Amino acid sequence: MKITVINGTEKKGVTYRLKELFLEHLRDSAEITEFYLPKDCPSFCVGCTTCFLTDEHKCRDREYVEKIEKALLEADLLVFTSPTYVFHATGAMKAMLDHFGYRWMPHRPAKEMFGKRAVVITQALGSGEKSAAKDIKDSLSWWGVSDIRVITFKLMSDIDWNKIPEKKRAAFAGRLYKEADRLKKIDYTKPARTSLITKAKFYAVRMMQSNLGKSDPEYTDYKYWKNNGWIDKARPWKKN
Ligand SMILES: Cc1cc2nc3c(=O)[nH]c(=O)nc-3n(C[C@H](O)[C@H](O)[C@H](O)COP(=O)(O)O)c2cc1C
């Protein structure tokens with residue numbers, strides 16, 4: 001089993017400790033690739049829209065985006081972590097996700113994403129951990145991932161891991177071990193079931209792409225949909 005982890009912070013703090021606990025029960029059976037932000041995707045999207053309109057390979061940050069994308073596409077399980085910064089995921093996480101705007105369903109989603117499983121782990125000192133998780137979940141679901149588990153934590157104590165009461169840390173670990181154990185039992189040769197919501201999004205975009213193709217058959221996104229056979233009978237969640 002292959003796991004790709006995107007860490008929304010480079011800090012070896014609470015978020016890091018939670019992620020390590022989650023991976024503890026998976027390490028012996030998984031090949032794990034990790035990225036730390038902002039180090040592994042250090043620049044902001046400048047909004048040139050070249051990826052949307054022309055070719056993602058021409059992005060000025062392609063060297064970073066490509067490595068992350070390859071690891072995401074090869075993984076069976078995607079893990080995203082972030083502390084809550086002002087009620088949202090870290091700016092570094094948002095900056096990385098912006099680089100994958102072209103992979104949103106209305107543009108050029110990767111076929112592989114439709115069968116993947118993902119876990120989002122966020123924590124906050126007091127509040128905002130759910131909206132931080134949503135920032136990440138929004139991208140994952142619009143990339144086509146249906147099976148997304150969200151695990152959120154409220155520290156309600158110190159932000160130094162070692163000063164968090166032992167009982168609370170044990171409770172956090174219990175929740176993470178439980179989810180890791182569930183994920184360990186899955187047969188990853190079988191793709192995750194594509195949800196009705198994902199299919200509804202797909203069909204809505206398909207209609208939009210069909211109309212766009214009528215007015216401009218050379219439109220980048222339309223050509224991608226057409227070449228994948230999605231305007232016709234092929235579906236990204238089916239073996240074609
Ligand atoms: C810039 C910044 C903004 C934060 N905003 C929030 C917030 O909105 N709500 C909250 O409960 N905690 C907030 N925190 C606390 C973090 O969510 C987190 O609990 C703390 O940074 C410890 O996690 P870490 O060791 O993984 O960095 C913030 C921390 C920072 C540095």
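Just above sits the structure.
In this report, we go over the structure that sits alongside the text. (Residues numbered from 1 in each chain as written. Predicted model: local features only at pLDDT ≥ 70, side-chain atom pairs only at ≥ 80, totals over all residues. Heavy atoms only, no water.)

## Points about the site of the ligand
Close to the ligand lie 15 residues, the nearest being Thr 15, Thr 84, Gln 123, Gly 126 and Ser 127. The contact in question runs from an oxygen atom of the ligand to an N or O atom on the backbone of Leu 125, over 3.0 Å. With respect to the ligand, the backbone of Ser 127 contributes an N or O atom lying 2.7 Å from a nitrogen atom. For the ligand, the protein covers 75% of the area, taking 610 Å² as the surface of the free molecule. (Near = heavy atom within 4 Å. Polar contact = N/O pair within 3.5 Å; in protein donor to acceptor, adjacent residues only side chain to side chain. Areas by Shrake-Rupley, 256 points an atom, 1.4 Å probe, with all protein chains shown as cover.)

## Notes on the packing of aromatic side chains
The tally for this structure, following the rule as stated, stands at 14 aromatic pairs. Their ring planes at 85° and their centres at 5.4 Å tell us that Phe 202 and Tyr 203 sit as a pair that is edge-to-face. Summarising the aromatic geometry, the rings of Tyr 224 and Trp 230 are spaced 5.7 Å apart at their centres and angled 80° between planes, so their arrangement reads as edge-to-face. An aromatic cluster is built from Phe 114, Phe 202, Tyr 203, Tyr 224, Trp 225, Trp 230 and Trp 237, whose rings are joined through pairwise contacts. (Phe/Tyr/Trp six-rings, centres within 6.5 Å; stacked < 30°, edge-to-face > 60°.)

## Section: helix 4 (residues 91-98)
All of the buried residues in helix 4 are Ala 92, Met 93, Ala 95, Met 96 and Leu 97. Elements in contact with the buried residues of helix 4: strand 1 (2-7), helix 3 (62-74), strand 3 (77-83) and helix 5 (129-143). (Buried < 20%, exposed > 50% of the residue type's maximum accessible area, 1.4 Å probe, protein only. Helix = DSSP H or I, 4+ residues; strand = E, 2+ residues; numbered from the N terminus. Contact = heavy atoms within 4.5 Å.)

## A closer look at the pairing of strand 5 (residues 147-154)
As judged from the eight bridges shared by strand 4 (residues 117-124) and strand 5, these two strands associate in the parallel manner. Residue pairing across strands places Ala 124 opposite Lys 154, the latter belonging to strand 5. In this region the chain leaves strand 4, passes through helix 5 and returns to the parallel neighbour strand 5; the handedness of that crossover is right-handed. (Pairing = 2+ DSSP bridges. Right-handed = clockwise from strand over helix to strand, strands pointing away.)

## Looking at the packing of helix 1 (residues 14-24) against helix 6 (residues 166-184)
For the pair helix 1 and helix 6, the least separation of the axes is 7 Å and the interaxial angle reads 40°. As far as their axial angle goes, helix 6 and helix 1 are oblique. Note that helix 1 runs across helix 6; the crossing there is right-handed. Across from Leu 18, Leu 21, Phe 22 and Glu 24 in helix 1, the residues of helix 6 making contact are Phe 172, Ala 173, Leu 176, Tyr 177, Glu 179, Ala 180 and Leu 183. Its residues placed into classes, the contact of helix 1 with helix 6 shows nine nonpolar, no polar and two charged. (Axes fitted to C-alpha atoms, helices over the stretch in contact; angles between N-to-C directions. Parallel < 35°, antiparallel > 145°, perpendicular 65-115°, else oblique. Left-handed = near helix turned anticlockwise from the far one by under 90°. Nonpolar A, V, L, I, M, F, W, Y, C, P; charged D, E, K, R; others polar.)

## Let's talk about the environment of Thr 50
Relative to the assigned elements, Thr 50 resides in helix 2 (residues 50-53). For Thr 50, a relative accessible area of 22% gives the class partly exposed. It is 9.4 Å that separates the C-alpha atoms of Thr 50 and Tyr 102, two residues lying 52 residues apart in sequence. Discounting chain neighbours no more than four positions away, the residues touching Thr 50 are Asp 55 and Lys 58.

## Quick notes on the pattern of salt bridges
Under the counting rule described, the total for this entry stands at 21 salt bridges. Of the charged contacts, one joins Asp 221 and Arg 108 as a salt bridge, the two residues approaching to 2.8 Å between their closest N and O atoms. Placement of Asp 221 in helix 8 (residues 220-227) and of Arg 108 in the loop between helix 4 and strand 4 is noted, with a sequence separation of 113 residues between them. With respect to burial, Asp 221 and Arg 108 carry one shared label: buried. Here Lys 226 makes a salt bridge to Asp 232, at a shortest N to O gap of 3.0 Å. Salt bridges sharing partners connect three or more residues here, namely Lys 19, Glu 20, Arg 27 and Glu 34. (Salt bridge = Lys/Arg side-chain N within 4 Å of Asp/Glu carboxyl O.)

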